[in-house]
Amino acid sequence: MDWDVVIGLEVHAELNTNSKVFCSCKNEYGSAPNTNCCPVCIGLPGALPVLNKQAVKYTIKAGLALGCNINDIAIMERKNYFYPDLSKAYQISQLVKPICLNGGIKLSNGKFVRLNRIHLEEDAGKLIHNENIGSLIDYNRGGVPLIEIVTEPDISSADEAVEFVTKLRNTLIYTGVAQCKMEEGGMRCDVNLSIKPKGSETFGTRTEMKNLNSFKMIERAIKVETERQIDLIEGGGKVVQETRRWDDVNEETVAMRSKETSQDYRYFPDPDILAVTISRQDVEDIRKTLPLLPEQLKDKFVNEYNLPEYDADVIIKDKEISTFYLKCVELLNEPKQISNWLMTNVLAKLKDDTLQITPKQLTDIISLVLNRKISKQNGVELFELIWGTTDDALKIATNKKMINDMSADELYKIIDEILVNNPQVIPQYKTEPDKILNFLTGQTMRQTKGKADSKLVREYLINKLK
Amino acid sequence: MKDTTLIQLVNDIKSGKTKAVDAVKYYINNIKEKSYLNAVVEVFDDAIQKAEEIDKKVKNKEPLGRLAGAPIIIKDNMLYKGKKCTCASYFLKDFISPYTATVVDRIIKEDGIILGRANMDEFAMGGSNEKSYYGPCKNAHDSTRVAGGSSGGSACAVAADLCVASLGTDTGGSVRQPSSYNGVFGMKPTYGKNSRYGIVAFASSLDQVGPITKTTMDNALLLSVIAGADEHDDTSLRAPVDNYLSQIKGNINNLKVGYCKQIIEKIKGTPYFSKYKKVLDFLKSQGAHLVEISIENIELALPCYYILAPAEATSNLGRFDGIKYSTRNKDAKNIGQIYNFSRTDGFGKEVKRRIMLGNFVLSSGYFDAYYNKAKALQQNIRESFKTAFSKCDVILFPTTSDVAFIIGSMNKNPIEMYLIDLFTVPANIAGIPAFSLPFDKGENNLPLGLQILANDNNEGIIYNLADFIEKNYKESK
Amino acid sequence: MSFSKKEIKHLADLSALTFSDEEIASFADEFEVITQFVSQIQNAKIDTTIKYEKTKTIEQLRDDVAKPGFSNEEVLLNAPEKAKGAFKVPIVVE
């Protein structure tokens, strides 16, 4: 029996505001428990929510980056349920009038994954379980603004899901509205999954897996849950609509005891928060603040800079890299050269380090190489030396005597001399050209203390030895 | 000092004729002597010290606020930093407020003295102040009768001269009805006029803090001090606050006074009706024009209220869970029991009833028929009032059609108690201001209240008419 | 409408309240009376589209400025049980 997998995602991302969404407490990760709190976010009697302007603007900005329509009125609603991390026993979220509707992301296989909505809501606090003491509740995270991005059930595989979340995360980081640090819980993914016989129109019963907060977890959980549902149905059983927890240790999904299959959240518009009107002018003003987004940058790189798609994909993966790259190209109009250095040298360093070279430093080095003032090898050495410093490329190159102050004629004279001193190479060249070229180039580099431009040397030699 | 008014007392304190310390001591003494009324749950132990500070300012000729030295009692659902706030509930019996409500803060900033906290129906749910952890509050004129509710303690305290003024909260009549029962003056202002920050929420879209006083002018002064926009309350109105005292002109020439035909139907044949007609005739004789108006769907305001208020209340009371600050049940062994046992112990019967009712009208399957329909009806009733106000400046209602009832006599079925709110809830539903003033006497010479309603932000027009009746209508004395 | 014990029990669960059998039966009776009373609103022939009379524009919302709030002591002032700067409850099984 062949099966279709039907997946819908609900992704939560914490917004990058200074204060929480309904109070002025600091929005900050890692503070000591219950030190970023006030009457509002700990749910004291008499406390009232006051909506954060920036949270609304950021939600609109995220929606615009993802191709959404922006509603002209936004209503905050109460979602009522009891859980210790929810101080008011209701979460303020959105239901009938979310800020953003529709939109979507195109995957590399051509599929367009549609969004249903993006809405604004508040995060809950944190429960820390301690076997000896009990569960401890920290409300620092309570009230942090979240956007919830809900997809239609358009995703069909773990790979598509991972690609979607990757592209979503990258887009959000580019807009600046969210940092999406998954290890800090800055982005969490809920997966709704069901299976149906291949080609069937009827959806199966779905299960929900909550709070998957790494790409690996998303991929594994989808694969494991898909298998579990297939095995279950093929074995004559039925999928139960339930919430399942991902057990990372045993690599399995486990039904959660405490969550009922269908909670009645008794949503109603929050009477403490007035409806917010969003004008078309508001939307346009926010649209103007959008930077170039990954896909737009990719177009620019491929069509304007003539970069191969592969290069473009690598550069846009990280906002810091693409911003760095764009600055370099502004300083030195050699997009392909810069891309090469970026992908080879810079990315290698970034495996263990943060970005510690400036666009000016890198483009200075590349200029020196392109203008044949220093050899490529020296350029690479200069790159290593300059990394992590504020030094000037030309200064270091000069101090290290890397500058090729030889004229072409002077270089040729040295090569001619080497040829004269190594007459045996001339007949050998006919049978082993590469070996001889390498030898002669090596000799030249040694004679010139690495300053010679090896490309120039080889050109001259090839000509000479013809 | 006896029965002095807020305005008189502040003048006397500012002029040095009376010492604030003496005023505080006088009221503390009265509270002791009339403790059988059970109106004041706690006298704050720093009241005398605060009074001393005011007297010092007077002596040093420092500038003084508009409420200088006035001992004012707040309802037990208003947070005042460092002091207990219990909403007359076992659940909050030990709760100490870590912050101060905006309206309370505004009184303090004008040098008013917060004397203590008043008894109330638990979590403001009730119309008699019988449902309190501290036991019932008695009527100031007849201690076999209820004080009314839910701000029974606040109203009784003013009537019994236990303070010079008080604050209550009004969600369905909880300031106006006890004011009527105790023969004092109580205002429910336009929704959003006063900040709700620091007021324990009952029904968020209906709650308003209201001053309770001995005279209309006192009420106008106190409202002008506490009213106004608050950055901590998104629903507070941004419009500037009027100087209400200056809107009391001493005449009602050409004032268009409306009487609602649907309401007349309800009080025809009751003793109240003849008194109501009498005051209308009086107003006409003094230059007002009487206008019959119709308010469509007003008879549905009460059922509408008993859908919306419990719905919002059930959600607002979810935060009382035995985890963060309410009384935790000691036998609870897991989190489910902490919620369940603590809340079952903590809340009284009426509160539980409203929590359950609220969840019913919000629950899936019933939401559209009840909650959503009630919301649309609320909109409709508000529009009906606006239409009516195109024909008149004020509308006169009864506050209640009868005097305070005997304690314990209304315990048969909940609807019986709810029906007392018939004339007061329309103003909460519509969000418009409404004021109760004593205007006549009923059975056993007990006070009867008349209610003046006006359009949004027209508290000044209300005060002008009320002051006129107070000073010129002899039945009201 | 009439209420079954099951329906009352469901409302009790939503409310996190426990009732005795007598109380449940009593609620069932009471609610029948109350719902009959409030169901009067079904008769109202009114426009049911919600109009948003009171609204705010984006610019009228609160500025995104962080301000200091409570100290840890103030947060925990009324906590029935606390430990390590946090509210304490029996261990919650997820």
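Everything discussed here concerns the structure shown above.
Residues numbered from 1 in each chain as written. Chains lettered and ligands numbered in written order. Predicted model: local features only at pLDDT ≥ 70, side-chain atom pairs only at ≥ 80, totals over all residues.

Draft legend 1. Representation of the overall build of chain C. A count of helical and extended segments in chain C gives three helices and three strands. Expected size for 94 residues packed as a compact globule is a radius of gyration near 12 Å; at 23 Å, chain C overshoots this value by more than 25%. Along the three orthogonal principal directions, the C-alpha set of chain C runs to about 50 × 45 × 25 Å. Within chain C, the fraction of its 94 residues that count as buried is 26%. (Helix = DSSP H or I, 4+ residues; strand = E, 2+ residues; numbered from the N terminus. Rg over C-alpha atoms; globule rule 2.2 N^0.38 Å. Buried ≥ 20, exposed ≤ 12 C-beta atoms within 10 Å, placed from the backbone.)

Draft legend 2. Layout of the interface of chain C and chain A. Between chain C and chain A, the residue contacts involve 32 residues of the former and 43 residues of the latter. Broken down by secondary-structure element, the contributors of at least two residues to the side of chain C that touches chain A are β1 (55–57), α3 (72–75) and β3 (86–89) of chain C. Per-element accounting of the side of chain C that touches chain A gives the leading share, four residues, to β3(C). Across the side of chain C that touches chain A, the residue classes break down as 18 nonpolar, five polar and nine charged. Examined bridge by bridge, strand β17 (residues 275–277) of chain A and β1(C) share three bridges and lie parallel to one another. Looking across to β1(C), one finds that A275(A) is bridged to T55(C). (Contact = placed C-beta atoms within 7 Å. Nonpolar A, V, L, I, M, F, W, Y, C, P; charged D, E, K, R; others polar. Pairing = 2+ DSSP bridges.)

Draft legend 3. Molecular detail of the nonpolar core. Core analysis: the biggest nonpolar cluster contains 264 residues, and V191(A), I72(B), C304(B) and I452(B) have the highest contact counts within it. If one sorts the elements of this core by residue count, helix α10 (residues 301–316) of chain B sits on top with 10 residues. Ignoring anything within four residues of it in the chain, the contact list for V191(A) reads I7(A), L9(A), A161(A), M209(A), L212(A), I218(A), A221(A) and I222(A). Of all hydrophobic cores here, the second largest spans 26 residues; its members include L362(A), L368(A), V369(A) and I386(A). (Core = buried A, V, L, I, M, F, W, Y, C linked by C-beta atoms within 7 Å.)

Draft legend 4. Layout of the interface of chain B and chain C. Opposite the 43 residues of chain B that make contact, chain C presents 34 residues. Only α10, α11 (335–346), α12 (349–362), α13 (368–389) and α14 (414–418) of chain B provide two or more residues apiece to the side of chain B that touches chain C. If you tally residues by element for the side of chain B that touches chain C, the top one is α13(B), at nine residues. Here the residues of the side of chain B that touches chain C are counted per class, giving 24 nonpolar, 11 polar and eight charged.

Draft legend 5. Up close: the sheet that holds strand β10 (residues 134–138) of chain A. Strand order in this open sheet of four strands is β9(A)-β10(A)-β3(C)-β2(C), and the pairing throughout is antiparallel. Every other strand in the sheet has two partners, leaving β9 (126–130) of chain A together with β2 (82–83) of chain C as the edge strands with one partner each. Bridging between β2(C) and β3(C) involves two bridges; their strand directions are antiparallel. Each bridged residue has a counterpart across the sheet, and for A83(C) the counterpart in β3(C) is A86(C).

Draft legend 6. Fine view of the environment of S384(B). Residues and elements named next belong to chain B. One can find S384 in helix α13. S384 sits in the buried class, given 22 other C-beta atoms within 10 Å. Distance from S384 to S294, taken between C-alpha atoms, is 8.2 Å for residues 90 residues apart in sequence. Not counting chain neighbours up to four residues away, the residues in contact with S384 comprise I295, E296, N297 and I298.

Draft legend 7. Examining the sheet that holds strand β4 (residues 77–80) of chain A more closely. Residues and elements named next belong to chain A. Taken in spatial order, the three strands line up as β5-β4-β16 in an open sheet, and their pairing is antiparallel. The open sheet terminates on both sides in strands that have one partner only, identified here as β5 (90–93) and β16 (268–269). Alignment of β4 against β16, held across two bridges, turns out to be antiparallel. Each residue of the ladder has a partner; that of R78, found in β16, is F268.

Draft legend 8. View of the packing of helix α2 (residues 20–33) of chain B against helix α3 (residues 47–59) of chain B. Residue and element names in this part refer to chain B. For the pair α2 and α3, the least separation of the axes is 7 Å and the interaxial angle reads 155°. Relative to α3, the element α2 is oriented roughly antiparallel. Between α2, through A20, V21, A23 and V24, and α3, the contact on the second element is made entirely by A47, I48, A51, E52, I54 and D55. Looking at the contact of α2 with α3, its residues break down into eight nonpolar, no polar and two charged. (Axes fitted to C-alpha atoms, helices over the stretch in contact; angles between N-to-C directions. Parallel < 35°, antiparallel > 145°, perpendicular 65-115°, else oblique.)

Draft legend 9. Up close: the packing of helix α6 (residues 309–316) of chain A against helix α8 (residues 335–350) of chain A. Residue and element names in this part refer to chain A. For the pair α6 and α8, the least separation of the axes is 11 Å and the interaxial angle reads 60°. The angle between the axes of α6 and α8 places the two elements in the oblique class. In the packing of α6 onto α8, the handedness of the crossing is left-handed. Across the interface between the two elements, D311, V314 and I315 from α6 touch S339, L342 and M343 from α8. Counted by class, the contact of α6 with α8 contains four nonpolar, one polar and one charged residues. (Left-handed = near helix turned anticlockwise from the far one by under 90°.)

Draft legend 10. Looking closely at the pairing of strand β1 (residues 3–14) of chain A. Residue and element names in this part refer to chain A. With 11 bridges joining them, β1 and strand β12 (residues 187–197) adopt antiparallel strand pairing. Within the sheet, the bridge partner assigned to V6 lies in β12 and is S194. Bridge analysis of β1 against strand β11 (residues 145–151) gives five bridges, and the strand direction is antiparallel. By the bridge assignment, E10 is partnered in β11 with V150.

Draft legend 11. How the structure looks around helix α4 (residues 102–109) of chain B. Residues and elements named next belong to chain B. Of all eight residues in α4, six are buried, a share of seventy percent or more. Within the span of α4, buried status applies to T102, V103, V104, D105, R106 and I107. Among the structural elements, β2 (71–75), β3 (113–118), β4 (165–170), β6 (208–213) and α7 (216–226) are those in contact with the buried residues of α4. At the exit of α4 stands D111, carrying a positive phi of roughly 70°.

Draft legend 12. Summary view of the pairing of strand β7 (residues 256–260) of chain B. Relative to strand β8 (residues 289–293) of chain B, β7(B) runs parallel, the two sharing five bridges. The residue bridging K256(B) from the neighbouring strand is H289(B), located in β8(B).

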